[in-house]
Amino acid sequence: MENREPSAIDQLMLELINVARANPQQEADRLLNGQLNEGVSPNSLITLAPKQPLAFNYYLIDSAYNHSSWMLANDIFSHTGIDNTTSQQRMARAGYEFTAPWGSGENIAWKGTTGDLDFNEFVIDNYTNLFVDENYPNRGHRVSLMRDEFQEVGIASLEGIFSLNGRDYNAVMTTQNFAYSKKDGAFLTGVIYTDEIIDDNFYSLGEGIANVRILAENLDTGDRIETVNFSTGGYSLFLPSGTYEISFIGNLDQDPADDIVKSKVTISDVNIKLDLATDDPNLATGILASPTENNETENPVEENNVGNESETNQSTDDLSMFMDTPIYRLQNLDRPGTYLYAGEEEVRNIGRNYPQFQLEGLAFNVSETADEDLLTIYRFRNQNIAGTYLFVGEEEKNNILDNYPNFILEGTAFHVIPPSSNQGNSIYRFQNSDLLGTYLFVGETEKNTILQDYSNFILEGTAFNVM
């Protein structure tokens, strides 16, 4: 099957992302009034250091394209895709090989209008909305965009009709698939462009130069590795660790003869970006300055709608980055007991429709995304006793289903950290000898207060861990 190349607008989005990664504070100055970590969880703070540039990967482009297409075709905006797949499963299906330590992530965004659609403007707006990440818990999209471990990316922004709440929108659907996988080396990446349309030392639509060979010769071994750049002007070349002479060979100045421009790079385990703008006066010498490595790197009224979602997966032992969904604790004024609800939308719905519930505040953070290293919490309803019940893991769920017919499984509530991981804060499960039901309390301080002051509560043990 022929490799799917990025489109020009996808190349532009990658350039925007890589500019932001090279100087996170500068992008925060441009879009966030300088507040780079506005709304970011303390566990996921973005450093000021440059992040390594992302390189396009054909398989990730394919998975991103297929998911954007699927969401438009099915009027679904979700990280759960075709055949109930996760983003990481779709990347693997497309052909990307995950070798530990690996990690993956997905951002999705859409913008629609009932009026005329400006495709290029909407794509740029999707990027901006993902970076700004207004009202999204812990600003997970911005964190993914700035995650230094990520090395490869696939981007696909597609235009189509997207239906929401009975209304059709002319929409742009964007999927960004990020990944890294164990490799001995890193990517040389960049873009070759004229800078003639907008003279700003930055790639613009229509400026890309295609059919340029990028030849890398290892100065120690003499080994040669080469590729030809995309039609957009961008390129991605994996190189084992070493020092290389890089040659750009192609028609760079629109005359009949090929030109050759050379540079030198040293590859370790961090990607390097080497752009070639043909209006650079240094190119008259045939020498391009070596890059520096980022080591820390009817004319209806128009109605717009936007949406963003983020999903992250990894194979390493650090599970804190999954915990980006807030769980809120509420009291029921009519019936004693504490109730937990997941996410801003569920809490707003409770507040609008159930005045007897009083919000106490944030209880803890969990994950809405499943992962093999996380425990699934299942939500049950009891037909005899009003209330919602949470049970931990497959074994406990199956035991309830097999032995307690009065419990009705409602589905997955969220995902948490196993106690055995020794990460996060412990959630302790208590029984109340006076009032039937299970009670969850967060951390050592709350647990000890309950044991000291409330003799009717009986500690059963650690239920799970959270952030």
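The chain appears in an unreviewed UniProt entry as SCP-like extracellular from Cyanobacterium aponinum.

Caption draft 1: Broad picture of the overall build of the chain. Looking only at helices and strands, one finds 9 helices and 22 strands in the chain. Of all 467 residues assigned to the chain, the portion counted as buried reaches 50%.

Caption draft 2: Quick look at the environment of Thr376. Its location among the elements puts Thr376 in strand β17 (residues 375-382). Looking at Thr376, the relative accessible area reads 16%, which means it is buried. Distance in space between the C-alpha atoms of Thr376 and Phe464 is 9.9 Å, their sequence separation being 88 residues. For Thr376, the residues in contact, after removing those within four places along its chain, are Phe391, Val392, Gly393, Thr412, Phe414 and His415. Only 3.2 Å separates the side chain of Thr376 from the side chain of His415, close enough to count as a polar contact.

Caption draft 3: Layout of the side chain of Lys447. Turning to its location among the elements, Lys447 is positioned in helix α9 (residues 443-453). Those residues in contact with Lys447 that lie beyond four places of it in its chain are Tyr428, Phe430 and Leu459.

Caption draft 4: Local environment of the sheet that holds strand β20 (residues 425-432). Spatial strand order, β21-β20-β22: 3 strands in an open sheet with antiparallel pairing. Two strands bound the open sheet, and with one partner strand each, they are β21 (438-442) and β22 (457-466). Each strand of the sheet is rotated relative to its neighbour by a mean of 30 degrees, with strand direction disregarded. In this structure, β20 lies alongside β21, joined through 5 bridges in antiparallel fashion. The residue bridging Tyr428 from the neighbouring strand is Phe441, located in β21. Relative to the sheet, α9 contacts β20, β21 and β22, its axis offset from that of β20 by approximately 20 degrees.

Caption draft 5: How the structure looks around the packing of helix α2 (residues 24-31) against helix α5 (residues 119-132). At a minimum axis distance of 11 Å, the contact between α2 and α5 shows a crossing angle of 105 degrees. Considered as vectors, α2 and α5 are oriented roughly perpendicular to each other. On α5, the residues touching Glu27, Ala28, Arg30 and Leu31 of α2 are Tyr127, Thr128, Phe131 and Val132. Residue composition of the contact of α2 with α5, grouped by class: 5 nonpolar, 1 polar and 2 charged.

Caption draft 6: The arrangement of the packing of aromatic side chains in detail. Under the definition given, this model contains 18 aromatic pairs. Seen from their ring centres, Phe56 and Phe230 are 6.2 Å apart, and the 75 degrees between their planes marks the pair as edge-to-face. Here the residue Phe56 occupies a position in strand β1 (residues 55-56), and Phe230 occupies one in the loop between β7 (224-228) and β8 (234-239), the gap between them amounting to 174 residues. Note on Phe56: relative accessible area 5%, which makes it buried.

Caption draft 7: Region of interest: the packing of helix α3 (residues 58-74) against helix α4 (residues 87-94). Running from amino to carboxyl end, α3 crosses α4 at an angle of 125 degrees, the nearest separation of the two axes being 8 Å. One element, α3, and the other, α4, form an angle in the oblique class. The element α3 and its partner α4 pack so that their crossing is right-handed. Here Tyr59, Leu60, Asp62, Ser63 and His67 of α3 lie close against α4, whose contacting residues are Arg90, Met91 and Ala94. Of the residues belonging to the contact of α3 with α4, the class tally is 4 nonpolar, 2 polar and 2 charged.

Caption draft 8: Quick look at α2. Along α2, the positions that sit buried rather than exposed are Pro24, Glu27 and Ala28. Buried positions in α2, seen along its axis, are confined to an arc of 100 degrees and lie on one side of it. For α2, the elements touching its buried residues are α1 (8-22) and α5. Note on α2: the residue one or two positions beyond its end, Asn33, has a positive phi of about 50 degrees.

Caption draft 9: Quick look at the environment of Ala186. Its place among the elements puts Ala186 in strand β5 (residues 186-193). For Ala186, a relative accessible area of 0% translates into the label buried. Separated by 81 residues in the primary sequence, Ala186 and Ile267 have C-alpha atoms spaced 6.5 Å apart. If we skip the residues at most four places from it in the chain, Ala186 touches Gln151, Leu237, Phe238, Leu239, Ile267, Ser268, Asp269, Val270 and Asn271.

Caption draft 10: Quick look at the nonpolar core. In terms of nonpolar packing, the biggest core is built from 36 residues, with Tyr127, Phe131 and Leu145 touching the most fellow members. Secondary structure elements with two or more residues in this core: α1, α5, α6 (140-145), β3 (152-164), β4 (167-180) and β5. Top contributing element to this core by residue count: α1, with 7 residues. Both of domain 1 (8-180) and domain 2 (185-285) provide at least three residues apiece to this core. If near-sequence neighbours (up to four positions away) are discounted, Leu145 is found in contact with Ile17, Arg21, Asn107, Tyr127, Leu130, Phe131, Gln176 and Phe178. Among the nonpolar cores identified, the runner-up in size contains 21 residues, and Ala186, Tyr235, Leu237 and Leu276 belong to it.

Each value, and the rule that gives it
- Along each chain, residues carry numbers from 1 onward, in the same order as the chain's sequence is written.
- Where totals are concerned, whole chains, interfaces and linings use all residues; where local detail is concerned, this predicted model gives features only for residues with pLDDT of at least 70, and gives and counts side-chain atom pairs only at 80 or more.
- Water and hydrogen atoms were dropped before computing side-chain values, which therefore reflect all heavy atoms in the structure.
- Helix and strand labels come from DSSP, where a helix needs a run of H or I of at least four residues and a strand needs a run of E of at least two; each type is numbered from the N terminus.
- Burial classification: accessible surface area is computed with a 1.4 Å probe over protein chains only, and a residue below 20% of its type maximum counts as buried, one above 50% as exposed, and the rest as partly exposed.
- Any pair of residues with heavy atoms lying within 4.5 Å of one another is described as a contacting pair.
- What qualifies as a polar contact is a pair of N or O atoms within 3.5 Å, subject to a donor-acceptor requirement within protein and to the restriction that residues adjacent in sequence count only when both atoms come from side chains.
- A pair of strands is labelled paired if DSSP reports no fewer than 2 bridges between them.
- Here an angle of 0 to 180 degrees is reported between the N-to-C directions of two axes, which are lines fitted to C-alpha atoms, with helices fitted over the stretch in contact.
- Throughout this description, any angle smaller than 35 degrees is read as roughly parallel, any larger than 145 degrees as roughly antiparallel, any in the 65 to 115 degree range as roughly perpendicular, and the remainder as oblique.
- Under the scheme applied here, ten amino acids are nonpolar (Ala, Val, Leu, Ile, Met, Phe, Trp, Tyr, Cys and Pro), four are charged (Asp, Glu, Lys and Arg), and all others, including Gly, are polar.
- Two aromatic rings, drawn from Phe, Tyr or Trp (for Trp, its six-membered ring), form a pair once their centres lie within 6.5 Å of each other, and the interplanar angle then sorts them: stacked below 30 degrees, edge-to-face above 60, tilted otherwise.
- In a left-handed crossing the near helix is turned counterclockwise from the far helix by less than a right angle, and in a right-handed crossing that turn is clockwise.
- To obtain the arc, one takes the directions from the helix axis to the C-beta atoms.
- Nonpolar cores are built from buried Ala, Val, Leu, Ile, Met, Phe, Trp, Tyr and Cys residues. Side-chain atoms within 4.5 Å join them into one set.
- The source of the domain bounds is an automatic or database domain assignment.

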